[in-house]
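# Residue-level structure breakdown
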Amino acid sequence: MSAYAYRDRNRTEVIYASEAMTENIDTLFFCPNKDCNAHLHICAVDGSRKAYFRATHKQFPHIDNCPFASSANHFDSDKFNEEAFSFDDAINNLFLVKKESERNRNQRNIGEHNNGEPNKQPIKTLRQIYSMCKSRPVTDMYAGKKIRDMILDDRSAYYYTKGCFENKIVEARRQVGHFFEDESKRVFLKAPTESGKYTFVLQFDEEKIYGKIKTEIKKNRDKLFIVAGKWESAEKYNHFISNIYSDRQVKVIR
Ligand SMILES: [Zn+2]
């Protein structure tokens, strides 16, 4: 399911599900993934006034691993405080080991009392940030920052002509063949997923986290992975490396 789609096959005219409520269910829309030929139609979510685009016809499904097929990527913007979101703070927080990040959150909560209204929190997990990024075109903004400045995926690939640096989420697939190196505790992924132009080197410190992530990637070898890293050039051309301190920095998209 997708929160936006295109009216035309060339993907020039975007339409958000929230604007498409009055469209006929037979009207055909196109998947945000330009390599996917799914035929999308507007649907209401059960028990909700919200609408989404779904590939409702069995003959025209999403391609395998299309990031817009999964209902796990659903993002409900009403549940979160957009203004309070800082991409760099959120990413840096994922680098912290759990205890420290809990402490930071608790400290922040103390200063946030307001009129007894339930406090909306900013998005903070990697999955939440990823879902938000997938819920709108990459030239749209969230909390004052363009989506393409937060995520490297097939949609934003055109923008990353010189590489991928600083805090970024990368949507990647496993490097074909040898994708890990036990001696150096490194895992190798390729992104953007369509061209596989860049190699992303995940450098682990902790044996335990390295083992866990390596196993996870082995088990889901054909899936997409998302990684939150602080990227810099690695030794080789078109290679970028980040430390992975916490398993919260790497997730499988199912
Ligand atoms: Zn698709």
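Residues numbered from 1 in each chain as written. Predicted model: local features only at pLDDT ≥ 70, side-chain atom pairs only at ≥ 80, totals over all residues. Heavy atoms only, no water.

A few words on the nonpolar core. Core analysis: the biggest nonpolar cluster contains 25 residues, and Val-187, Phe-200 and Leu-202 have the highest contact counts within it. Looking at this core, the elements that each hand over two or more residues are strand S9 (166-174), strand S11 (186-191), strand S12 (198-204), helix H4 (207-219), strand S13 (224-233), strand S14 (239-244) and strand S15 (250-253). When near neighbours in sequence (up to four residues on either side) are disregarded, Val-187 contacts Phe-179, Phe-180, Phe-200, Val-201, Leu-202, Phe-204, Tyr-210 and Ile-217. Ranked by size, the runner-up nonpolar core spans 24 residues in total, among them Ile-129, Val-138, Ile-169 and Ile-253. (Core = buried A, V, L, I, M, F, W, Y, C linked by side-chain atoms within 4.5 Å. Buried < 20%, exposed > 50% of the residue type's maximum accessible area, 1.4 Å probe, protein only. Helix = DSSP H or I, 4+ residues; strand = E, 2+ residues; numbered from the N terminus. Contact = heavy atoms within 4.5 Å.)

Here we come to the pairing of S14. Counting buried residues in S14 gives 5 out of 6 residues, a clear majority hidden from the surface. Pairing of S12 with S14, which is carried by 6 bridges, proceeds in the parallel orientation. Among the inter-strand pairings, Gln-203 is bridged to a residue of S14, identified as Asn-243. Sheet topology note: the S13/S14 ladder contains 2 bridges and is antiparallel. Counted as the bridge partner of Ser-233 is Phe-240 from S14. Where S13 hands over to S14, the hairpin turn is made up of 5 residues, of which Asn-238 adopts a positive phi near 60°. (Pairing = 2+ DSSP bridges.)

Quick look at the coordination of the zinc ion now. Protein coordination at the zinc ion comes from Cys-31 (SG), Cys-36 (SG), His-62 (ND1) and Cys-66 (SG), with a distance range of 2.1 to 2.4 Å. Classification of the site at the zinc ion as tetrahedral follows from its 4 donor atoms and the range of 103 to 118° in their angles at the metal. Mapped onto the sequence, the donors of the zinc ion take the spacing C-x4-C-x25-H-x3-C. Taken together, the residues Cys-31 in the loop between strand S3 (29-30) and strand S4 (39-44) and His-62 in the loop between strand S5 (51-54) and helix H1 (87-95) connect sequence positions 31 residues apart. Overall, the relative accessible area of 14% leaves His-62 in the buried class. (Donors = N, O, S within 2.8 Å, 3.2 Å for Na, K, Ca; no water. Tetrahedral: all angles 85-135°; square planar, octahedral: opposite > 155°, others 65-115°.)

The next point concerns the packing of aromatic side chains. In this structure the tally under the stated criterion is 15 aromatic pairs. Between the aromatic rings of Phe-95 and Tyr-245, the centroid separation amounts to 6.0 Å while the plane-to-plane angle is 55°, which identifies the pairing as tilted. Note that Phe-95 is positioned in helix H1 and Tyr-245 in the loop between S14 and S15, a separation of 150 residues in sequence. Overall, Tyr-245 belongs to the partly exposed group, its relative accessible area being 35%. Taken together, the ring pairs in this structure connect Phe-165, Tyr-198, Phe-200, Trp-231 and Phe-240 into an aromatic cluster. (Phe/Tyr/Trp six-rings, centres within 6.5 Å; stacked < 30°, edge-to-face > 60°.)

To continue, consider the state of the cysteines. Under the criterion given, the structure shown has 0 disulfides. Cysteine Cys-43 remains unbridged, with the sulfur of Cys-31 as its closest cysteine sulfur at 14 Å. With relative accessibility at 16%, the residue Cys-43 sits in the buried group. (Disulfide = S-S within 2.5 Å.)

What follows concerns the pattern of salt bridges. A complete count under the given rule lists 13 salt bridges for this structure. Residue Arg-186 is joined to Glu-235 by a salt bridge in which the shortest nitrogen-to-oxygen separation is 3.5 Å. Note that Arg-186 is positioned in strand S11 and Glu-235 in the loop between S13 and S14, a separation of 49 residues in sequence. For Arg-186, a relative accessible area of 17% gives the class buried. Owing to a relative accessible area of 65%, Glu-235 belongs among the exposed residues under this scheme. Here Glu-216 makes a salt bridge to Arg-254, at a shortest N to O gap of 3.5 Å. Of this pair, Glu-216 sits in helix H4 while Arg-254 is found in the segment after S15, placing the two residues 38 residues apart along the sequence. Its relative accessible area of 28% is what places Glu-216 among the partly exposed residues. One continuous salt-bridge network, built from bridges that share partners, spans Lys-134, Asp-153, Arg-155 and Glu-171. (Salt bridge = Lys/Arg side-chain N within 4 Å of Asp/Glu carboxyl O.)

With that settled, consider the domain arrangement of the protein. By convention, interface size is frequently given as the accessible area that disappears when the constituent parts associate. Looking at the protein, the domain boundaries give domain 1 (1-66) and domain 2 (145-253). Taking only C-alpha atoms into account, the centre of domain 1 sits 29 Å from that of domain 2. Facing the 5 residues of domain 1 at the interface are 5 residues of domain 2. For domain 1, the biggest contributors to the area lost against domain 2 are Tyr-4, Asp-35 and Asn-65; these three give 74% of the whole. Linking domain 1 with domain 2 are 1 salt bridge, by the criterion used here. Between Glu-194 and Lys-34 there is a salt bridge, with its nearest N and O atoms 3.8 Å apart. Put simply, domain 1 and domain 2 have 2 residue pairs in polar contact (both at pLDDT 80 or more) between them. Considering only residue class, the side of domain 1 that touches domain 2 consists of 2 nonpolar, 1 polar and 2 charged. (Domains from an automatic or database assignment. Buried area = accessible area lost by both parts, 1.4 Å probe. Polar contact = N/O pair within 3.5 Å; in protein donor to acceptor, adjacent residues only side chain to side chain. Nonpolar A, V, L, I, M, F, W, Y, C, P; charged D, E, K, R; others polar.)

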